[in-house]
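Analysis of the macromolecular model
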Amino acid sequence: MGVTASVLAIDAGNSKTDVAVIAADGTVLGRGRAGGFQPPVVGVDAAVDVLAVAVDQAARAAGRAADEPFAGFVSACLANADLPVEEQELAVAIRARHWGRSVEVRNDTFAILRAGVDEPRGVAVVCGAGINCVGMTPDGRTARFPAIGRISGDWGGGGGLAEEALWHAARAEDGRGGPTALARTLPAHFGLPTMYALIEALHLGRLPARRKHELAPVLFATAAAGDATARSLVERQAEEVVSLATVALGRLGLLGEETPVLLGGSVLAARHPQLDDHIGRLLAERAPKAVPRVVTESPVLGAALLGLDRVGAPAEARARVRSQYA
C-alpha cells in the first residue's frame, strides 16, 4: 500500500470539486476533480455522488480503492453547508461512503481561510456568487454567519450586485428612479437596446437567469467610468465586506491584535480598484490591526491543512503540503 494516507481533503464549491489524498508526512499522493456540489438543487445523495467521482480519481492516483476506507480522516469543506445542522447531515452522508475512519464537514469558506494562513488563525470574507465570512483561532473557536441570503441579513455578492444593478437600471429607464448609465450598459452587454428588452428577455427565458451573474463586472466597469449609482453599489459592497470582517474579529477577540483578513471569491479576486480602496479605508478605520490580503491559494490546500491540523501532523507535514500547491 506504500505511504499511509492520513487525510482525504475535499473542497467542493458550486462550480467544481477538488480532492486530494494526503500522506501523514504531507505528501500529496493523488488528486481528483469533478463538477459542482449543489445539494439544494439535486439532493444530498446525488451531490455526494459528485464528490465520489473526484474521490475515486484521487484514490486511484494514490493506488487506493475508494470502495473501502483508505484515509484516516476526511476533511470536507463544502459549499451549501451553511448551518451546523447541514454540516451534520452531510457528514452522515459522507461517512456512509466509507472513505475514511472519521469525517469532519465544514463550510467551504473555512478552506479559503486556512489556505491563506500559516496557522488556523484569522478571518476570511468570500464574495463570489454570494457572500460569507468565517473566522477561527488555534484553540478551536470559530466565528461564522448563516450566509443563506437576505433572510439571514446578507447583501451583495455577484448575484446580489446584479439584482441591485438591474433594479436601479429599470427604475431609471421608466422614470421611478434617478438617472444611471446602468440603464444603458446592462442591456448593451447582451446586445439589447433597452432595459425593457432585457427585462422581457429574462422574464420569458430567452436569456437564462444564470446569465445575470455576467452583470456584476458590467456594474464595476460602469462604476469605474464614474456613474454615481454604480459607485454607490460598489461602496455598499465594501461596507458589507468590512462589516462582516469586523464583527468576526470582534467575536474572536482579535480586533486588538495583528490578524490576517483573507479576501476571496470572484468579486474580490477581480481586484476592482474602487472596491479594494474602499475596503482598505474602512478596515483601517474599524480594524486598524487587520492585515487584508486577497487569497490566491487553492482552497483544497485549506481542506488538507485543516485535516492535518486535526490529526496533529507536525509543522513539517503542513509545510510540505503547502509547497506542493505553491
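Each remark here, short or long, concerns the structure printed above.
Residues numbered from 1 in each chain as written. Predicted model: local features only at pLDDT ≥ 70, side-chain atom pairs only at ≥ 80, totals over all residues. Heavy atoms only, no water.

1. Examining the overall build of the protein
- Looking only at helices and strands, one finds 13 helices and 10 strands in the protein.
- Taking 326 residues into account, the globule formula puts the C-alpha radius of gyration at 20 Å, and the protein, at 21 Å, falls close to it.
- Burial analysis of the protein (326 residues in total) assigns 51% to the buried set.
- Carbon together with sulfur atoms contributes 53% to the accessible area of the protein, which is approximately 14,400 Å² in total.
- Computed over 33 positive and 36 negative side-chain charges, the separation of the two mean positions in the protein equals 1 Å. (Helix = DSSP H or I, 4+ residues; strand = E, 2+ residues; numbered from the N terminus. Rg over C-alpha atoms; globule rule 2.2 N^0.38 Å. Buried < 20%, exposed > 50% of the residue type's maximum accessible area, 1.4 Å probe, protein only. Areas by Shrake-Rupley, 256 points an atom, 1.4 Å probe, with all protein chains shown as cover. Lys, Arg positive; Asp, Glu negative; His and termini not counted. Charge placed at Lys NZ, Arg CZ, Asp CG, Glu CD.)

2. What about the environment of Asn132?
- Looking at where Asn132 falls in the secondary structure, it is placed in strand 7 (residues 131-136).
- Taking the C-alpha atoms as reference points, Asn132 and Gly157, separated by 25 residues in sequence, lie 8.8 Å from one another.
- In this view, Asn132 contacts Asp82, Asn107, Thr109, Ala124, Val125, Val126, Phe145 and Ala147; residues no more than four positions away in its chain are not counted.
- Engagement of the side chain of Asn132 in a polar contact is seen with the side chain of Thr109, the distance being 3.3 Å. (Contact = heavy atoms within 4.5 Å. Polar contact = N/O pair within 3.5 Å; in protein donor to acceptor, adjacent residues only side chain to side chain.)

3. Section: unusual backbone geometry
- You will see that Asn80, though not glycine, has its phi angle at about 70 degrees, which is positive.
- Given a relative accessible area of 19%, Asn80 falls into the buried group.
- You will see that His98, though not glycine, has its phi angle at about 60 degrees, which is positive.
- Considering the arrangement of structural elements, one finds His98 in the loop between helix 3 (84-95) and strand 5 (100-107).

4. Some points on the pattern of salt bridges
- Taken as a whole, this structure holds 20 salt bridges when the rule is applied.
- For Arg318, the salt bridge is made with Asp309, and the minimal N-O distance between the two is 3.9 Å.
- Residue Arg318 is classed as partly exposed on the basis of its relative accessible area of 23%.
- Through salt bridges that share partners, Lys16, Asp18 and Arg33 make up one connected network. (Salt bridge = Lys/Arg side-chain N within 4 Å of Asp/Glu carboxyl O.)

5. Section: the environment of Ala58
- The residue Ala58 is located in helix 2 (residues 44-61) in this model.
- Sequence separation between Ala58 and Val21 is 37 residues; the distance between their C-alpha atoms is 6.3 Å.

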